[in-house]
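Summary of structural features
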Amino acid sequence: MFRRRLSFLAIIAAALGPVSAQQKWSVLQTLQACRQHSLWLKTESYATDVTKAGLVVARTRPNPEVNLQPLQLTDRRFHVENTTYFSTANQQLWFQFTKNLQVAGQRRNKIGLAEENLRLREAVYNGLAAEQYRLTAMKWLDAWAVRERIGVLRYETDDIGQVLVFLRNRGVSSESSEMIRASLLEAETKAARACKKVH
């Protein structure tokens, strides 16, 4: 499952081309890219097309066949008198027109089986598409959540910096509890940012 997700992400990344951090995709754009570039969905759509071709073949009726059967007498004892080996008197040709007979209900059963196979293949495709869309939407949601967390972290850092500036401008000493709390919060957010950069 991990390999499947990893390769899916690689496909999406390759399909998107050069991606920058500023590029924003909606969920709809992401799902459309998934539908266009997913190898699993393409493979399943080809399998569905093959199944449709099987249905077309099941609906066709057997064609008549033309058969030509030559018979040549090779033993000279059986040749017609005063004839040569290649004489038409020593040859026979049969032309036959034949048609395969189908047992009653055979064609209807073939068509029914092909239609059932097509319904099954379409259900498999729809299930795979739903799973791919779900995975894509979950990855998009993860990326959106990370982007929102980064925005909140930036806002918090700016807000803490403003509190420190405000306290310093008011003449609050660096030993007061408000100044110590604000300094600790600033150090904590800087450490959290550094950890995010490492990971």
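Okay, so let's go over this structure. (Residues numbered from 1 in each chain as written. Predicted model: local features only at pLDDT ≥ 70, side-chain atom pairs only at ≥ 80, totals over all residues. Heavy atoms only, no water.)

In this section: the overall build of the chain. Summing up its helical and strand segments, the chain has 5 helices and 2 strands in all. Taken from the N to the C terminus, the helices and strands of the chain come in the order α-α-α-β-β-α-α. Looking at the chain residue by residue over its 199 residues, the buried ones come to 17%. Put simply, 69% of the contacts in the chain that link residues at least 6 apart link residues at least 24 apart. Within the structure as shown, the chain displays about 15,400 Å² of accessible surface, and the carbon and sulfur contribution to it stands at 59%. (Helix = DSSP H or I, 4+ residues; strand = E, 2+ residues; numbered from the N terminus. Buried < 20%, exposed > 50% of the residue type's maximum accessible area, 1.4 Å probe, protein only. Contact = heavy atoms within 4.5 Å. Areas by Shrake-Rupley, 256 points an atom, 1.4 Å probe, with all protein chains shown as cover.)

Attention now goes to the nonpolar core. Side chains that are nonpolar tend, in soluble globular proteins, to be buried together. If you look at the biggest cluster of nonpolar residues, it comprises 5 residues: Leu 55, Ala 58, Ile 111, Ala 114 and Leu 118. For this core, the secondary-structure elements that each account for two or more residues are helix H3 (39–59) and helix H4 (106–169). Ranked by residues supplied to this core, first place goes to H4 with 3 residues. Sequence-distant contacts of Leu 55, defined by excluding residues within four places in its chain, comprise Ile 111, Ala 114, Glu 115 and Leu 118. (Core = buried A, V, L, I, M, F, W, Y, C linked by side-chain atoms within 4.5 Å.)

To continue, consider a nonpolar patch on the surface. A cluster of nonpolar side chains, Leu 68, Leu 93 and Phe 95, forms an exposed patch at the surface whose accessible area comes to about 340 Å². Within the element layout of this structure, Leu 68 appears in strand E1 (residues 65–72). The partly exposed category is assigned to Leu 68, whose relative accessible area is 47%. (Patch = residues over 30% accessible without salt bridge, like charges linked within 9 Å, V, L, I, M, F, W, Y side chains within 5 Å. Salt bridge = Lys/Arg side-chain N within 4 Å of Asp/Glu carboxyl O.)

Throughout the structure, instances matching the rule amount to 1 aromatic pair. Between Tyr 85 and Phe 86 the ring centres are 4.9 Å apart and the planes differ by 90°, which places this aromatic pair in the edge-to-face class. The exposed category is assigned to Phe 86, whose relative accessible area is 66%. (Phe/Tyr/Trp six-rings, centres within 6.5 Å; stacked < 30°, edge-to-face > 60°.)

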